[in-house]
Amino acid sequence: MMVLVTYDISLEDPAGPGRLRRVAKVCLDYGVRVQYSVFECEVDPAQWVVFRDQLLNIYDEEQDSLRFYKLGKNWKNRIEHHGAKPAPDIFRDSMIL
């Protein structure tokens, strides 16, 4: 399934930059960055459980925000890309023209 992961990590806390790096690193293990704090991740149900738990163990629930958008298996029909930044391979290779 395709999951869109977005996050906002507080940088006002001294530990914020470290959390930001760790969240991004975990997201890169499972998907591709499509914007600074937005990742498209294609995972199976077992990977999703591990991935989600890793992120929830990093972020600070009082200062940070994580959002997960589950686009499912039919995600190719739910995403449109426009603009200068090229679509990542995961999207471009699966796009129906």
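The rules we used
Residues numbered from 1 in each chain as written. Predicted model: local features only at pLDDT ≥ 70, side-chain atom pairs only at ≥ 80, totals over all residues. Heavy atoms only, no water. Helix = DSSP H or I, 4+ residues; strand = E, 2+ residues; numbered from the N terminus. Polar contact = N/O pair within 3.5 Å; in protein donor to acceptor, adjacent residues only side chain to side chain. Contact = heavy atoms within 4.5 Å. Salt bridge = Lys/Arg side-chain N within 4 Å of Asp/Glu carboxyl O. Buried < 20%, exposed > 50% of the residue type's maximum accessible area, 1.4 Å probe, protein only. Expected span 1.5 Å × (residues − 1). Arc of directions from axis to C-beta. Pairing = 2+ DSSP bridges. Axes fitted to C-alpha atoms, helices over the stretch in contact; angles between N-to-C directions. UniProt positions renumbered as here; feature names shortened; annotations may be inferred. Core = buried A, V, L, I, M, F, W, Y, C linked by side-chain atoms within 4.5 Å.

**Some words on the side chain of Arg-19**
Then, in step 1: The topology assignment puts Arg-19 in helix 1 (residues 16–30).
Then, in step 2: Among the polar contacts listed, one links the side chain of Arg-19 to the side chain of Asp-64, at a separation of 2.7 Å.
Then, in step 3: In contact with Arg-19, not counting residues within four places along its chain, are Ile-9, Ser-10, Asp-13, Ile-58, Tyr-59, Asp-60, Gln-63 and Asp-64.

**Here we look at the pattern of salt bridges**
Then, in step 1: Tallying each qualifying case throughout the model produces two salt bridges.
Then, in step 2: Where Asp-13 meets Arg-19, a salt bridge forms, and the shortest distance between an N and an O atom there is 2.8 Å.
Then, in step 3: The exposure class of Arg-19 is buried, given its relative accessible area of 5%.
Then, in step 4: If you follow the salt bridges from partner to partner, you end up with Asp-13, Arg-19 and Asp-64 in one network.

**Quick word on helix 2 (residues 45–58)**
Then, in step 1: In this model, helix 2 (14 residues) spans 20 Å end to end at C-alpha, consistent with the 20 Å of a helix rising 1.5 Å per residue.
Then, in step 2: When helix 2 is considered as a whole, its buried residues turn out to be Trp-48, Phe-51, Leu-55 and Ile-58. An end-on view of helix 2 places all buried positions within 100° of arc, on one side of the element. Turned more than 90 degrees off the buried face of helix 2, the exposed positions are Pro-45, Ala-46 and Asn-57.

**Remarks on the sheet that holds strand 2 (residues 31–35)**
Then, in step 1: The four strands lie next to each other as 2-3-1-4, forming an open sheet whose pairing is antiparallel. Strand pairing shows two members of the sheet lacking a second neighbour, strand 2 and strand 4 (65–72), which therefore form its edges. Taking each pair of neighbouring strands and ignoring which way they run, the sheet shows an average axis angle of 25°.
Then, in step 2: By the bridge criterion, four bridges tie strand 2 to strand 3 (residues 38–42) in an arrangement that is antiparallel.

**A closer look at the UniProt feature "binding site: Mg(2+)" (unreviewed entry) in the chain**
Then, in step 1: The sites that UniProt annotates as "binding site: Mg(2+)" (unreviewed entry) are Asp-8.
Then, in step 2: Tracing the backbone shows Asp-8 in strand 1 (residues 2–8).
Then, in step 3: Using a relative accessible area of 53% as the deciding quantity, one classes Asp-8 as exposed.
Then, in step 4: Ignoring anything within four residues of it in the chain, the contact list for Asp-8 reads Asp-64 and Ser-65.

**Remarks on the nonpolar core**
A general tendency of soluble globular proteins is for nonpolar side chains to be buried together.
Then, in step 1: In terms of nonpolar packing, the biggest core is built from 17 residues, with Tyr-7, Cys-27, Phe-51 and Leu-55 touching the most fellow members.
Then, in step 2: Mapped onto this core, the elements with two or more residues apiece are strand 1, helix 1, strand 3 and helix 2.
Then, in step 3: For this core, the leading source of residues is helix 1, giving five residues.
Then, in step 4: Not counting chain neighbours up to four residues away, the residues in contact with Leu-55 comprise Val-5, Val-23, Val-26, Cys-27, Leu-66 and Phe-68.

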